[in-house]
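Commentary on secondary and tertiary structure
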Amino acid sequence: MNIHEYQAKQIFAKYGVPTPKGIMVESVPAAVKAAEELGGPVWVVKAQIHAGGRGLGGGVKLAKSLEEVRALSEEILGMTLVTHQTDAAGKLVQKLYIEDGADIKAEYYLSVVLDRKLEMPSIVASTEGGMNIEDVAENTPEKIIKVPVDPAIGFQGFHGRELAFGLGITDKAEQKNIINFAKKLFKVYTENDAEMIEINPLIRNGNGEFLALDGKMGFDNSALGRHPDIEAMRDLSEEDADEVEAAKYGLSYVALDGEIGCMVNGAGLAMGTMDTINHMGGTPANFLDVGGSANAETVAKGFEIILRNPNVKAIFVNIFGGIVRCDRIANGIIEATKLTDVNVPVIVRLDGTNAPEASEILKKANIANLIVGDDLADGAAKAVAAAKGN
Amino acid sequence: MSILVNKDTKVIVQGFTGKEGSFHAEQCLAYGTKIVGGVTPNKGGQTHLDKPVFNTVAEAVKTTGATVSMIFVPPAFVGDAVMEAAEAGIELAVIITEGAPVKDMQMAKAHATKHGMKTLGPNCPGIITAEECKIGIMPGMIFKKGNVGLISKSGTLTYEGANQVCKEGFGISTAVGIGGDPIIGLSYLQLLPMFEADPETECIVLIGEIGGDLEIQAAAYIKDHITKPVVAFIAGQTAPKGKTMGHAGAIVSGSAGTAAEKMAALEAAGATVVVSPAEIGQAVTKAMAKK
């Protein structure tokens, strides 16, 4: 789960991680009022969406008067921002963050992420602040420093020194400031079960203080249960509505831009099914893992969500029944066709536990549009042919 | 022969009396697995599925001599359960539970390593030595005894792969589901040498997916150390960037962890890389014929 910049900064503030002062608003008059309250003389008007690259997309602008705050708020609020991290349709800006302008002497990059190889969190930093960090990693990897921190010992002094020297910070007061900043940020990471925190840019001001000018946070979904305060920050309007609805039914769904809807049990087989369709000359319209507890209701919901996509020309149901019995899935499909108007060919491949019984059930039901696939290759081939109208 | 578990392996179940634990323990018993008891706090002294229930893993190990624990406790308690097993002297913890917090697994795995305990999972189907011992939730009937070892991040792809291998007339020595979480226990790097050393295993099927770089590490190991033929499939060639595909660890971040880079590394290491899981069976047949 991801949150907005203004929410990340609320969490930072709780832990004493310095940020410029700011106020989240949802209307133009509120934006002006917020600017008055902050005092100025310079403000930054920032679009709040769950995607990076907002500045380049025109969603972050500097205002030097209250009039400019008003004009920029009018411009940005309600605009659709397209950045390298959104899809082509972009994201509607519904919230703004009005922030004090900062006195920027230097820009850095700072993040805390899980290093999967080392199996512990790692602080990643660079002097190349404000840049796309992936480009920095690609072009000048020597400018990126990584300081892994074993959670069993926590953030120690040497971690801080490694970071400060790595960033070339020589002033003693500044060293102390960056070490304190990183120490607090690491605490934010571990205590909130964050998946990642990214600050780009982290800035140093004229007083040698470090401030988070931006803030991006993502959380481990498996740990949200113990952080109700963070779960309350979830902004569903920033997430794909179909994915959210699917999740309510225990379905894991991701929309793609192809023509063949997929309904599969298990994430690996679901990806493997997409790959097989692609290999046979078709294009998958979605990833859908029905999970281990699929029943008539969830199968029906799966069909409904898949069919909302107007590009879908056929659906391939690919189930390898383990503990899940295929006869139950077959009955689920029959129920689903009663609950939802399935107007495209449905290719069904059921293998594993009780597969012969399942194919009997499907034959007897005599559903129009239903084609049986013998195995993964046969089912995928039939789905590709059906999508092409053959 | 086989790897890690066989007909003599003594197994306990943590979360024994819960719904999932009960159901799957019963299935494992029916398969022939030597389940010697289970652990559910405050139910010690009772009998469940005709096996003794203990309050702690330490007690269970002391009384039964179990070396493997199959863990079904709810996600929030997985870390605790793994660390308890490690301190009680369990040699291998098979963690089936899905949705354990990453931070908990980090701590638990580090603790397990300190105590010399191997872990498998979490969020995995478990391990099965065909016709001898099933510790997990896989459908036992599709695993016929044979000479193909299988390692997979995905449960249903394990079944798909094993089923194809068996339909081609071969069978499975041991199949291991390692799980697709960001932090997992035993992985390719530890399991490949075990299969290489196992006289019963003649061919290895490796099933991976997008995210992380375990498959890249595996490729490097295969190149230098594995003499047996390897057939590999990487799921997620058509997965979009930056989206989690069902498994928490299955995500392409930036340009890292793509199927293409993993397939290329495995191919360069001498493995037979198939582009669809539907081709695993045929590829194994070809690999076995060449031997």
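Going by the structure above, here's the rest.
All of the points below concern the structure found in this document. (Residues numbered from 1 in each chain as written. Chains lettered and ligands numbered in written order. Predicted model: local features only at pLDDT ≥ 70, side-chain atom pairs only at ≥ 80, totals over all residues. Heavy atoms only, no water.)

Next up on the list: the interface of chain B and chain A. Frequently, the measure chosen for interface size is the accessible area that the parts lose on association. Each side of the interface is counted separately: chain B has 53 residues, and chain A has 44 residues. Among the residues of chain B in contact with chain A, Thr156, Thr238 and Met245 of chain B are the three that bury the most area, contributing 17% of the side total. Here chain B is connected to chain A by seven salt bridges. Among the salt bridges present, the one from Glu160 of chain B reaches Arg349 of chain A, with a minimum N-O distance of 2.7 Å. Scanning the region where chain B abuts chain A turns up 14 residue pairs in polar contact (both at pLDDT 80 or more). Going through the elements one at a time, α1 (19-31), α4 (102-114), α5 (155-167) and β13 (230-235) of chain B are the ones with two or more residues in the side of chain B that touches chain A. (Contact = heavy atoms within 4.5 Å. Buried area = accessible area lost by both parts, 1.4 Å probe. Salt bridge = Lys/Arg side-chain N within 4 Å of Asp/Glu carboxyl O. Polar contact = N/O pair within 3.5 Å; in protein donor to acceptor, adjacent residues only side chain to side chain. Helix = DSSP H or I, 4+ residues; strand = E, 2+ residues; numbered from the N terminus.)

Right, let's talk about the sheet that holds strand β10 (residues 145-152) of chain B for a bit. Residues and elements named next belong to chain B. If you trace the seven strands from one edge of the open sheet to the other, you get β9-β8-β11-β10-β12-β13-β14, paired in mixed fashion. Two strands bound the open sheet, and with one partner strand each, they are β9 (133-136) and β14 (272-273). Across the sheet, helix α8 (residues 259-268) touches β12 (203-209), β13 and β14, and the angle it forms with β13 is around 175°. (Pairing = 2+ DSSP bridges. Axes fitted to C-alpha atoms, helices over the stretch in contact; angles between N-to-C directions.)

This next bit is on unusual backbone geometry. Here the residue pair Gly40 of chain A and Pro41 of chain A is connected by a cis peptide bond, since its omega of 10° sits within 30 degrees of zero. Looking at the secondary structure, you find Pro41 of chain A in the loop between α2 (28-38) and β2 (43-47). Of the consecutive residues Gly121 of chain B and Pro122 of chain B, the connecting peptide bond is found in the cis state with omega at 10°. By the secondary structure assignment, Pro122 of chain B is in the loop between β7 (118-120) and β8 (126-129). Of note, Leu4 of chain B is a non-glycine position whose phi angle comes to about 65°, a positive value. Along the chain, Leu4 of chain B falls in the segment before β1 (10-14). Accessibility expressed as a relative area gives 31% for Leu4 of chain B, which makes it partly exposed. In this structure, Asp50 of chain B takes a positive phi of about 65° despite not being glycine. Its relative accessible area of 72% is what places Asp50 of chain B among the exposed residues. (Buried < 20%, exposed > 50% of the residue type's maximum accessible area, 1.4 Å probe, protein only.)

All names here are of chain B. Within this model, the second largest pocket holds a volume of roughly 290 Å³. Residue lining of the second largest pocket: 17 residues in total, with Gln14, Gly15, Pro41, Val73 and Pro74 positioned closest to the centre. Of all the secondary structure elements, the ones that give two or more residues to the lining of the second largest pocket are α1 and α3 (78-87). Class assignment of the residues belonging to the lining of the second largest pocket gives a composition of eight nonpolar, five polar and four charged. (1 Å grid on protein atoms, 1.4 Å probe; cavity = no way out; pocket = protein on both sides within 12 Å on 5 of 7 lines; lining within 4 Å. Points joined across faces, edges and corners; volume = space filled by probe spheres on them. Nonpolar A, V, L, I, M, F, W, Y, C, P; charged D, E, K, R; others polar.)

Attention now moves to the packing of helix α8 (residues 241-248) of chain A against helix α10 (residues 296-308) of chain A. Residue and element names in this part refer to chain A. The N-to-C vectors of α8 and α10 enclose an angle of 175°; their axes lie 10 Å apart at closest approach. When the axis of α8 is compared with that of α10, the two are roughly antiparallel. Contacts from Asp242, Glu245 and Ala246 in α8 reach Lys301, Glu304, Ile305 and Arg308 in α10. (Parallel < 35°, antiparallel > 145°, perpendicular 65-115°, else oblique.)

Residue and element names in this part refer to chain B. Relative to the elements of secondary structure, Ala86 occurs in helix α3. On the basis of relative accessible area, Ala86 is assigned to the buried category, the value being 4%. Each C-alpha atom, one on Ala86 and one on Gln282, is 41 Å from the other, the two residues being 196 residues apart in sequence. Look past the residues within four positions of Ala86 in its chain and what remains in contact with it is His111, Ala112, His115 and Met117.

A few words on the side chain of Thr238 of chain B. Looking at the secondary structure, you find Thr238 of chain B in the loop between β13 and α8. A polar contact of 2.8 Å, which involves the side chain of Thr238 of chain B, links it to the side chain of Asp275 of chain A. What Thr238 of chain B contacts, discounting residues up to four positions off in sequence, is Leu256, Met271, Met274, Asp275, Asn278 and Pro284 of chain A.

On to the pattern of salt bridges, then. Using the criterion set out here, one finds 39 salt bridges over all chains in the structure. Linked by salt bridges that have partners in common, Glu5, Lys9, Lys46, Arg54, Glu99 and Asp214 of chain A make up one network.

Attention now goes to helix α7 (residues 214-225) of chain B. Residues and elements named next belong to chain B. Spanning twelve residues, α7 covers 16 Å between terminal C-alpha atoms, matching the ideal 16 Å at 1.5 Å per step. Of the positions making up α7, those classed as buried are Glu215, Ala218, Ala219 and Ile222. All buried residues of α7 fall inside an arc of 105° around its axis, so they share one side. Those residues of α7 that are buried are in contact with α6 (188-197), β12, β13 and α8. (Expected span 1.5 Å × (residues − 1). Arc of directions from axis to C-beta.)

What follows covers the sheet that holds strand β1 (residues 22-25) of chain A. Residues and elements named next belong to chain A. Taken in spatial order, the four strands of this open sheet run β1-β6-β2-β3, and their pairing is antiparallel. Edge positions in the sheet fall to β1 and β3 (60-63), since each of these pairs with one other strand and no more. The mean angle between the axes of side-by-side strands here comes to 20°, regardless of whether they run parallel or antiparallel. Taken together, the four bridges between β1 and strand β6 (residues 96-100) define a ladder with antiparallel strand orientation. When the sheet's bridge partners are listed, Met24 is paired in β6 with Tyr97. Most of the contacts of α2 go to β1, to which it runs at about 170°, and overall it touches β1, β2 and β6.

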